[in-house]
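Architecture and fold: a report
Each chain, written out:
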Amino acid sequence: MTQVSGAIDRAAVSVRAVSKAYGGVPAVDGISFELAPGSFVALVGPSGCGKSSLLEIMAGIRGADRGEVVVGGRRVDRPIRSVGVMFQEDTTLPWRTVYRNVAFPLEASRRDRHEIAAKVEAALRMVDLWEHRTMHPAALSGGMRQRVSLARVLATDPSVLLLDEPFGALDEQLRLRLGLEVQRICREQGRTAVLITHSIQEAVLLADRVLVLSGRPATVVQDLEVPLPDHRSADQLGDPRVAQVVAKVWASLAY
Amino acid sequence: MLLVAAVAALEVGCRVGLIDPQIVVPPTQMVRGAWEIVGRGEGWRTVILPSATAILVATCFSVLIGTCCALALSRSRMIRSACEPYIVVLPAIPVFALYPVFIAVLGQGVVSLVLTGVLLGVVPMLTQVLAGLDSLPAYLDKLARVYEVRGLSRLTRLTLPGMAPALLTGLRLSSAYSAIGVIAAELILSPRGLGHAIHSAYESFDLTRMYGAILLVLALIGSMYVGIAMVQRRVLAPGHMEVRA
Ligand SMILES: Nc1ncnc2c1ncn2[C@@H]1O[C@H](COP(=O)(O)OP(=O)(O)OP(=O)(O)O)[C@@H](O)[C@H]1O
Ligand SMILES: [Mg+2]
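Each value, and the rule that gives it
- Residues numbered from 1 in each chain as written.
- Chains lettered and ligands numbered in written order.
- Predicted model: local features only at pLDDT ≥ 70, side-chain atom pairs only at ≥ 80, totals over all residues.
- Heavy atoms only, no water.
- Axes fitted to C-alpha atoms, helices over the stretch in contact; angles between N-to-C directions.
- Helix = DSSP H or I, 4+ residues; strand = E, 2+ residues; numbered from the N terminus.
- Parallel < 35°, antiparallel > 145°, perpendicular 65-115°, else oblique.
- Left-handed = near helix turned anticlockwise from the far one by under 90°.
- Contact = heavy atoms within 4.5 Å.
- Nonpolar A, V, L, I, M, F, W, Y, C, P; charged D, E, K, R; others polar.
- Near = heavy atom within 4 Å.
- Polar contact = N/O pair within 3.5 Å; in protein donor to acceptor, adjacent residues only side chain to side chain.
- Areas by Shrake-Rupley, 256 points an atom, 1.4 Å probe, with all protein chains shown as cover.
- Salt bridge = Lys/Arg side-chain N within 4 Å of Asp/Glu carboxyl O.
- Buried < 20%, exposed > 50% of the residue type's maximum accessible area, 1.4 Å probe, protein only.
- Buried area = accessible area lost by both parts, 1.4 Å probe.
- Pairing = 2+ DSSP bridges.
- pLDDT = per-residue confidence, 0-100.
- Disulfide = S-S within 2.5 Å.

**Quick look at the packing of helix 10 (residues 193–203) of chain B against helix 11 (residues 207–235) of chain B**
All names here are of chain B. At a closest axis distance of 8 Å, the pairing of helix 10 and helix 11 adopts a crossing angle of 160°. On the basis of the axis angle, helix 10 is roughly antiparallel to helix 11. Considering the relative orientation of helix 10 and helix 11, their crossing is left-handed. Contact residues: helix 10 offers Leu 194, Ala 197, Ile 198, Ala 201 and Tyr 202, while helix 11 offers Arg 209, Met 210, Ala 213, Ile 214, Leu 216, Val 217 and Leu 220. The residue makeup of the contact of helix 10 with helix 11, split by class, is eleven nonpolar, no polar and one charged.

What follows is the structure, encoded as structure tokens:
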């Protein structure tokens, strides 16, 4: 983490000309965008175009070949505390209870015991799993396990959440419900979120901005505002404004 | 159930004379032989305790050495692939045959016994831990990177708990193999222990004592195995499935 010289950064996240190649074949090609603090942005793009790679670069767990990512005025070259990541696959630890799963990152960074207890409880209450805190992941449904992962991210109190198809493995109903839950939490707490999803409807329904990426190597081909109020619900699926943005996304994916 | 039937059949067979009492004694007499050893304080001191101590020490070393070797091996793909063929043939080496060599070098003491036990016990531990490391899910690595869990912290928070089933299975096998090693070594040449008791009873045609000692060996190994299996069931979280090698 190095302090970036120059003016104060107003954006929560700046991705500046980031490129990444695997074995000479580019996966991410000079992507740039800025995220306003508190915004909820969806990234959609064809499978294998480099979305996860971009996200891992933003999280500081993968290095970029060129370009830089700046979060809160700091250049990201390793994982930073103010950024939380949630992965598509189930990443709960089977030997830990729900409570201790959520406590994991806090224990790993050797936080104070009382601080851990307070944060874990708050996070578990946010995702409505406080009653299940003594259970092991094996006894939970897939959706509950992803909520454990979400609580684990929230417990670290990140100002930016990076969500890589967090509910992609769940059925559509549940995915939308949990998505709305995350959107609500982020909006209420003023957190910035980046959501990768392969569901265009979900992207439009949850985000206030949709970035459409091209096929590999990924570049931004379309940057769409979603003209909906902050408060989102499944009822808005029938809203003509949603249909309009969905159609635009489809059009730009045809590239 | 099957065991009970077999024991009963053996008892009856011996009693009615179907089985030569010069070769096999009835199970009840075996139990009496075993009781004669454990029923007296001296038996504990010269027979059970020396064996049990040697087995315990050998198991501890086996587990430690096996785990450390496996962790070290897994750090380098090249070294591991170079060593793998040797690890595979390791169990086939007749370690007891080396026991006289140990005695010549290390003397007739407990060190030679423990060494034999370790040589046998380390192999299953090593293979279990290697298998356990291989079966660790890839997301543990992602978590380690995101939360910057490294070194010892990573070992104790992610790697070891992640392969706890393999570790416990390794411990179970390792203790049984160590016990076999120690007792077999005692059998060949040792002034104490269960192996020696079997050997000396055999030399003096004391079949009751010999079978009694054998029974004690089985009981010892069996109870260790069952004991560890019970611990395994208790400490492993539900759904933290056993890794099978
Ligand atoms: N470690 C790696 N080594 C080599 N190639 C890689 C590696 N990681 C990803 N790739 C390649 O880079 C491309 C982009 O991968 P990435 O996982 O970022 O895609 P994605 O957009 O997240 O796909 P999906 O929507 O299927 O999750 C893919 O074609 C993949 O094969
Ligand atoms: Mg992906």
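There's plenty left to go through after this.
**Quick notes on the site of ligand 1**
Residues and elements named next belong to chain A. Taken together, Tyr 22, Ala 27, Ser 47, Gly 48, Cys 49, Gly 50, Lys 51, Ser 52, Ser 53, Arg 62, Glu 165 and Arg 216 form the complete shell of residues around ligand 1. One of the backbone nitrogen or oxygen atoms of Cys 49 is found 3.2 Å away from an oxygen atom of ligand 1. Coverage of ligand 1 by the protein amounts to 60% of the 640 Å² it exposes when considered alone. If you tally residues by element for the shell around ligand 1, the top one is helix 1 (residues 51–59), at three residues. Class assignment of the residues belonging to the shell around ligand 1 gives a composition of three nonpolar, five polar and four charged.

**Observations concerning the pattern of salt bridges**
In the structure shown here, the tally under the stated rule is 24 salt bridges over all chains. Across the salt bridge formed by Glu202(A) and Arg175(A), the nearest N and O atoms sit 3.8 Å from each other. Residue Glu202(A) is found in helix 6 (residues 200–206), and its partner Arg175(A) is found in helix 5 (residues 172–189); the two are separated by 27 residues along the sequence. A residue is classified by how much of its surface remains accessible, and Glu202(A), at 4% relative accessible area, is buried. Within the structure, one salt-bridge network assembled from shared partners comprises Arg96(A), Arg100(A), Glu107(A) and Arg157(B).

**Quick look at the interface of chain B and chain A**
Accessible area lost when the parts come together is the quantity often used to give the size of an interface. Counting from both sides, the interface comprises 18 residues of chain B and, opposite them, 24 residues of chain A. Taken together, the two surfaces of chain B and chain A that pack against each other cover about 2000 Å², and 63% of this comes from carbon and sulfur. A per-residue breakdown of the area chain B buries against chain A is headed by Tyr139(B), Tyr147(B) and Arg157(B), which together make up 33% of the total. Between chain B and chain A we count three salt bridges in total. The closest approach of N and O atoms between Arg78(A) and Glu148(B), which form a salt bridge, is 2.6 Å. Joining chain B to chain A, the criterion identifies four residue pairs in polar contact (both at pLDDT 80 or more).

**Considering the sheet that holds strand 4 (residues 40–44) of chain A**
Residue and element names in this part refer to chain A. Ordered in space as 7-8-9-4-10-11, the six strands form an open sheet in which the pairing is mixed. The sheet terminates laterally at strand 7 (83–86) and strand 11 (220–225), the two strands that pair on one side only. Direction aside, the axes of adjacent strands within the sheet are offset by 15° on average. With four bridges joining them, strand 4 and strand 10 (residues 209–213) adopt parallel strand pairing. Pairing of Val 41 across the sheet is with Arg 209, part of strand 10. Here helix 4 (residues 142–155) sits on the sheet and contacts strand 7 and strand 8 (160–164); the angle it forms with strand 7, its principal contact strand, is near 170°. Packing of helix 7 (residues 240–253) onto the sheet brings it into contact with strand 4, strand 10 and strand 11, and relative to strand 11 it is tilted by some 175°.

**Overview of the pairing of strand 7 of chain A**
Residues and elements named next belong to chain A. The alternating pattern of strand 7 places Val 83 and Val 85 and Gly 84 and Met 86 on opposite faces, both of which are buried. Across four bridges, the pairing between strand 7 and strand 8 is parallel. Bridging from a neighbouring strand, Val 83 pairs with Val 160 of strand 8.

**Structural notes on unusual backbone geometry**
All names here are of chain A. The residue after Arg 216, namely Pro 217, is reached through a cis peptide bond having omega -5°. In this fold, Pro 217 is placed in the loop between strand 10 and strand 11. Unusually for a residue other than glycine, Asp 128 sits at a positive phi of about 65°. Structurally, Asp 128 can be placed in the loop between helix 3 (113–126) and helix 4. With relative accessibility at 52%, the residue Asp 128 sits in the exposed group. With a phi close to 40°, Glu 165 is a non-glycine residue in the positive phi region. Mapped onto the elements of the fold, Glu 165 is located in the loop between strand 8 and helix 5. By relative accessible area, which is 12% here, Glu 165 ends up buried.

**Some words on the packing of helix 3 (residues 41–74) of chain B against helix 10 of chain B**
Residues and elements named next belong to chain B. The interhelical angle for the contact between helix 3 and helix 10, taken along N-to-C directions, is 135°, at an axis separation of 6 Å. On the basis of their axis angle, the class for helix 3 and helix 10 is oblique. From helix 3, Thr 46, Val 47, Ile 48, Pro 50 and Ser 51 reach across to helix 10, where they touch Gly 193, Leu 194, Gly 195 and Ala 197. In terms of residue class, the contact of helix 3 with helix 10 is made up of five nonpolar, four polar and no charged.

**Quick word on the confidence of the model for chain B**
Residue and element names in this part refer to chain B. Here chain B averages 84 in pLDDT, while 98% of its residues score no lower than 70. Across chain B, the secondary-structure element scoring lowest on mean pLDDT is helix 5 (residues 99–106), at 77, and the one scoring highest is helix 7 (residues 139–146), at 92. Scoring of the predicted complex yields 0.83 for pTM and 0.85 for ipTM.

**Focus on the state of the cysteines**
All names here are of chain B. Counted by the stated rule, this structure contains zero disulfides over all chains. In this structure Cys 83 is a free cysteine whose sulfur lies 9.2 Å from that of Cys 69, the closest cysteine sulfur available. For Cys 83, a relative accessible area of 27% corresponds to the partly exposed category.

**Some thoughts on the environment of Glu225(A)**
Residue and element names in this part refer to chain A. Relative to the elements of secondary structure, Glu 225 occurs in strand 11. Owing to a relative accessible area of 59%, Glu 225 belongs among the exposed residues under this scheme. For the pair Glu 225 and Arg 209, spaced 16 residues apart in the sequence, the C-alpha separation amounts to 4.5 Å. Setting aside chain neighbours within four positions, we find Glu 225 in contact with Asp 208, Arg 209 and Val 245.

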